[in-house]
Amino acid sequence: MNIFQHFLSVLLDQLHALQAEGVLGSDIVLDKVAVEPPRDASHGDLATNAAMVLSKAAGMKPRDLAGKISEKLTATGQFSSVDIAGPGFINMSLSDAFWQGQVSDVLKAGAGYGSSNLGQGAKVNVEYVSANPTGPMHVGHTRGAVFGDALANLLEKTGHEVCREYYINDAGAQVDVLARSAFLRYREALGQDIGAIPEGLYPGDYLVPVGQKLAADHGEALLEKSEADWLPEVRALSTSMMMDMIRDDLAALGITHDVFFSETSLHESGAVEETLKLLDEKGLIYQGVLEPPKGKTVEDYEARPQTLFKSTEFGDDVDRALKKSDGSWTYFAPDIAYHFDKYNRGYTNQVDVWGADHAGYIKRMSAAVRAVTGSNNDVLDVKICQLVRLLRNGEPVKMSKRSGNFVTLREVVEEVGRDVVRFMMLYRKNDATLDFDFAKVTEQSRDNPVFYVQYAHARICSVLRNGTDEEKGFAGEDLSDAALSGADMSKLSDDAELALIKQMAAFPRVMESAADAHEPHRIAFYLYDLAGAFHSLWNKGKDHPDLRFIVKEDKGATLARLALIRAAACVLAAGLGVLGVEPIEEMR
RNA sequence: GGUCCCGUAGCUCAACUGGAUAGAGCACCUGCCUUCUAAGCAGGUUGUUGCAGGUUCGAGUCCUGCCGGGAUCACCA
């Protein structure tokens, strides 16, 4: 349960009552009324801006209106205190008993804690990775891959029906280059001396197996054919083998897509033509000449008549080309058809996860989606993941893409582990650049959030193991979630214990707001804070042995505290589950 | 030059989509660390939120204009 949502409805009931009594006009809109955690915990557990946002419409001073509202709230008996503060905030506090009850609620929900029906089953398509099938994934793809996957998890857990999709660019010139590069490896596999890989072809070793497969399948037969004859076949095999490799790379990160959508299929089915015809019928397509970009000198610019889309009518800066001057499609045309296809599959909510280098592409894509769907509300949300700077002890890691000697996703995962990669890629807002320091991310200290959060979970597991230890704990005691949820939680009265409970109880709200904003990083930051609250409580037991989780002389308190930390472990595990990070049970 | 992103403590970053006295970690200072798991804990110090206006009860957040950094810029993907 999102307690803030719950108490918002309590508040709204009271506001409606005030409307019924004529204190508030019945036509006043209550949309802007919110119940939130106050920034400063000393202000209470819940705060509302109701009096401030309604005062003008009500014709009352904020503090006077706050007085009326707080009387009503007090009368519900649900709050231990209701105060008016500052410019008209109403601060509410909840009883310890309420908070203690939350521990049982968490335990009963278990791994499902934080899940909600916020999305009400709405279909959402999250398209991410979509790396060209021309080689292994490199580190630049990693952030978007993890981000998209975590966002999909987050949306799933908040009641959306999510499709994880990968768009395969298997129709452009780059896959022809791939095919030629593979053909070279084919000749190599047949024993020919191919020398250095020519400029403009893909030099990477990963094409060697493709050449060998071609040699095994065809022998020398392809050598006899002209390029036009062998190209389609070699291209198909190459892209399919590249996709296998990419799927393996993604699997190393724990990522699986539901749909791999081929660009070629859009051409073959005629979807591109159909989509363009639709735009044409709407009068959004014309033959024209694009001006050279302002300010930037393009040396080989020449005026060319092209088929253009009126994206300026939908907020873009210039109109965009759908066909090249030679009459073939630009990449933009099938992209429109692709997004329209998603729309026609029922995805009126689409998220695209792109790298920073594609940021300039957002306006035209959004424009095209608006045009083709005829929808006013935004169907498409594009999330840009900014660059990742790889560092080792603060020094930038040199990368040279030219030689094909770039850092691959797999190398990073193998060096530091999947969990570390996933967590760190989410420990920044997506639109801020991110530093990834190989040395720092494997450090075992509070400075390293992955460690800190996982350690909290492992520590809890360890304490629970001790809970049934003959010497340290209570042998044979039933410490299952079901048993613990029945413990006498009134024993949890220390401030640090209540603080931990309050932190846990905020989780459902964090989940909902993160899902709403499409910002999974909020979960990572939340977990770091939650881990901090737990470690802090653990350490309190050093100075105050009576506050330790396991107190041999007090079984009642022990069970309540084990319930508390077990609940914290559930929340940690649920949050880590969204990030796709394993909640480990033991540190080694 | 256009567009987009970023600019918050000495450093790395948060700030729950407009809330109250802007918060964490690192660093620095003081104390603790023969512990239910050691890799830490408690406390203290740290600010013209790049600058200048505007919007309103209220701005780090929204708008306008500057400054600085990054990405990107006809037909390539």
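Source: prediction; values computed, not measured.

J.: It is not clear to me how the overall build of chain A should be interpreted in this structure. Could you clarify?
T.: Counting its regular elements, chain A contains 21 helices and 15 strands. With respect to the principal axes defined by its C-alpha atoms, chain A has extents near 85 × 65 × 40 Å. Taken across its 588 residues, chain A has 50% of its residues classed as buried. Across chain A, contacts joining residues at least 24 apart in sequence account for 72% of those joining residues at least 6 apart. Side chains of chain A carry 61 positive and 85 negative charges; the gap between the two charge centres is 3 Å.

J.: When you look at the protein's contact with RNA strand B in this model, what are you seeing that I'm missing?
T.: The environment of RNA strand B is formed by 71 residues, the closest being Asn132, Lys324, Tyr331, Ser445 and Arg509. Taking all atoms of RNA strand B within 4 Å of the protein, the share assigned to sugar and phosphate is 56%. One of the side-chain nitrogen or oxygen atoms of Tyr455 is found 2.8 Å away from a sugar or linking oxygen of RNA strand B. Arg509 is positioned with one of its side-chain polar atoms (N or O) 2.3 Å from a base oxygen of RNA strand B. Going through the elements one at a time, helix H2 (50–58), strand S4 (89–93), helix H6 (173–189), helix H16 (449–467), helix H19 (507–517) and helix H20 (521–543) are the ones with two or more residues in the surface near RNA strand B.

J.: Explain the domain arrangement of chain A here, please?
T.: Reports often express the size of an interface as the amount of accessible area lost when the parts come together. What the domain assignment reports for chain A is domain 1 (3–94), domain 2 (173–234) and domain 3 (449–579). Distance between the C-alpha centres of domain 2 and domain 3: 58 Å.

J.: Would you mind showing me how to read the pattern of salt bridges here?
T.: Close approach of charged atoms allows side chains with opposite charge to pair. Enumeration according to the criterion identifies 27 salt bridges in this entry. One salt bridge in this structure joins Glu36 and Arg509, with 3.9 Å as the shortest N-O distance. Of this pair, Glu36 sits in strand S1 (residues 35–36) while Arg509 is found in helix H19, placing the two residues 473 residues apart along the sequence. Taking the relative accessible area as the measure of exposure, Glu36 reaches 40% and is therefore partly exposed. By relative accessible area, Arg509 is classed as partly exposed at 26%. Between Arg392 and Glu415 there is a salt bridge, and its shortest N-O distance comes to 2.8 Å. One end of the pair, Arg392, is in strand S13 (residues 388–392); the other, Glu415, is in helix H14 (residues 409–416), with 23 residues separating them in the sequence. With a relative accessible area of 37%, Arg392 lands in the partly exposed category. Judged by its relative accessible area of 42%, Glu415 is partly exposed. Through salt bridges with shared partners, a single network forms among Asp149, Glu156, Arg164 and Arg422.

J.: Before we go on, may I ask you to explain the sheet that holds strand S9 (residues 305–309) in this structure?
T.: Pairing between sheet strands relies on hydrogen bonds along the backbone, with the strands arranged either parallel or antiparallel. Spatial strand order, S8-S9-S10: 3 strands in an open sheet with antiparallel pairing. Each of the sheet's edge strands pairs with one partner strand only, and the pair in question is strand S8 (285–289) and strand S10 (320–321). Sheet topology places S9 next to S10; 2 bridges connect them, and they run antiparallel. When the sheet's bridge partners are listed, Leu308 is paired in S10 with Ala321.

J.: Is there a simple way to explain the packing of helix H11 (residues 271–281) against helix H12 (residues 332–344) in this structure?
T.: H12 packs onto H11 with a crossing angle of 90 degrees between their chain directions and a minimal axis gap of 9 Å. Classified by the angle their axes make, H11 and H12 are roughly perpendicular. Contacts from Ala271, Val272, Thr275, Leu276, Leu278 and Leu279 in H11 reach Ala333, Pro334, Ile336, Ala337 and Phe340 in H12.

J.: It is not clear to me how the nonpolar core should be interpreted in this structure. Could you clarify?
T.: What tends to happen in soluble globular proteins is that the nonpolar side chains get buried as a cluster. Ranked by internal contacts, the top residues of the largest apolar core, which has 129 residues, are Ile69, Phe423 and Phe436. The greatest single-element share of this core, amounting to 16 residues, is contributed by helix H21 (residues 555–579). Taken together, domain 1 (3–94) and domain 3 (449–579) each give at least three residues to this core, which thus spans both. Residues within four places of Ile69 in sequence aside, it is in contact with Leu11, Leu15, Leu18, Ala50, Ala51 and Ile90.

J.: Just to check I follow, could you spell out the packing of aromatic side chains for this structure?
T.: As enumerated under the stated definition, the model contains 23 aromatic pairs in all. Their ring planes at 10 degrees and their centres at 5.8 Å tell us that Phe534 and Phe549 sit as a pair that is stacked. Taken together, the positions of Phe534 in helix H20 and Phe549 in the loop between H20 and H21 put the pair 15 residues apart, joining distant regions of the chain. Here Phe534 falls in the buried class, since its relative accessible area comes to 1%. On the basis of relative accessibility, which here comes to 6%, the residue Phe549 falls in the buried class. The ring centre of Phe260 lies 4.5 Å from the NZ or CZ of Arg247, which sits over that ring. The ring of Phe438 carries Arg392 above its face, with NZ or CZ at 4.4 Å from the centroid.

J.: Got a minute to help me understand the packing of helix H18 (residues 495–505) against H21 in this structure?
T.: Between two packed helices, both the angle of their axes relative to each other and the distance between the axes serve to describe the pair. Two elements in contact, H18 and H21, have axes whose closest approach is 10 Å; the angle formed by their N-to-C orientations is 30 degrees. Classed by the angle they form, the pair H18 and H21 counts as roughly parallel. The handedness of the crossing between H18 and H21 comes out as left-handed. Where H18 approaches H21, its residues Glu497, Leu500, Ile501 and Met504 are matched on the opposing element by Arg561, Leu564, Ala567, Ala568 and Val571.

J.: Is there a simple way to think about a nonpolar patch on the surface in this case?
T.: Taken together, Val289, Val298 and Tyr301 make up a surface patch of nonpolar side chains, about 210 Å² in accessible area. Note that Val298 resides in the loop between S8 and S9.

J.: I'm lost on helix H7 (residues 208–218) in this one. Help?
T.: At 3.6 residues per turn, the α-helix brings residues three or four places apart onto the same side. If you check which residues of H7 are buried, you get Val210, Gly211, Leu214 and Ala215. Summarising the axial view, the buried residues of H7 lie within an arc of 140 degrees, below the 170-degree limit, and thus occupy one face. Buried residues along H7 sit against H6, helix H8 (221–224) and helix H9 (227–252). After H7 finishes, the residue Gly219 shows a positive phi value of roughly 60 degrees.

J.: Hey, could you run me through the environment of Gly467 in this one?
T.: For Gly467, the position within the fold is in helix H16. Through-space distance from the C-alpha of Gly467 to that of Thr558 is 8.4 Å; in sequence the pair is 91 residues apart. Residues contacting Gly467, with those up to four places away along its chain left out, are Gly473, Phe474, Leu479, Ile550 and Leu562.

J.: How should I be thinking about the sheet that holds S13 in this particular structure?
T.: Spatially, S14-S13-S15 is the arrangement adopted by the 3 strands of the open sheet, whose pairing is mixed. At either margin of the open sheet sits one strand with a lone partner, and together these are strand S14 (395–396) and strand S15 (434–437). Pairing of S13 with S15 involves 4 bridges; the strand directions are parallel. Within S15, the residue paired with Leu391 across the bridge is Asp437.

Rules and cut-offs
- Residues numbered from 1 in each chain as written.
- Chains lettered and ligands numbered in written order.
- Predicted model: local features only at pLDDT ≥ 70, side-chain atom pairs only at ≥ 80, totals over all residues.
- Heavy atoms only, no water.
- Helix = DSSP H or I, 4+ residues; strand = E, 2+ residues; numbered from the N terminus.
- Buried < 20%, exposed > 50% of the residue type's maximum accessible area, 1.4 Å probe, protein only.
- Contact = heavy atoms within 4.5 Å.
- Lys, Arg positive; Asp, Glu negative; His and termini not counted.
- Charge placed at Lys NZ, Arg CZ, Asp CG, Glu CD.
- Near = heavy atom within 4 Å.
- Polar contact = N/O pair within 3.5 Å; in protein donor to acceptor, adjacent residues only side chain to side chain.
- Domains from an automatic or database assignment.
- Salt bridge = Lys/Arg side-chain N within 4 Å of Asp/Glu carboxyl O.
- Pairing = 2+ DSSP bridges.
- Axes fitted to C-alpha atoms, helices over the stretch in contact; angles between N-to-C directions.
- Parallel < 35°, antiparallel > 145°, perpendicular 65-115°, else oblique.
- Core = buried A, V, L, I, M, F, W, Y, C linked by side-chain atoms within 4.5 Å.
- Phe/Tyr/Trp six-rings, centres within 6.5 Å; stacked < 30°, edge-to-face > 60°.
- Lys NZ or Arg CZ within 6 Å of the ring centre and 35° of its normal.
- Left-handed = near helix turned anticlockwise from the far one by under 90°.
- Patch = residues over 30% accessible without salt bridge, like charges linked within 9 Å, V, L, I, M, F, W, Y side chains within 5 Å.
- Areas by Shrake-Rupley, 256 points an atom, 1.4 Å probe, with all protein chains shown as cover.
- Arc of directions from axis to C-beta.

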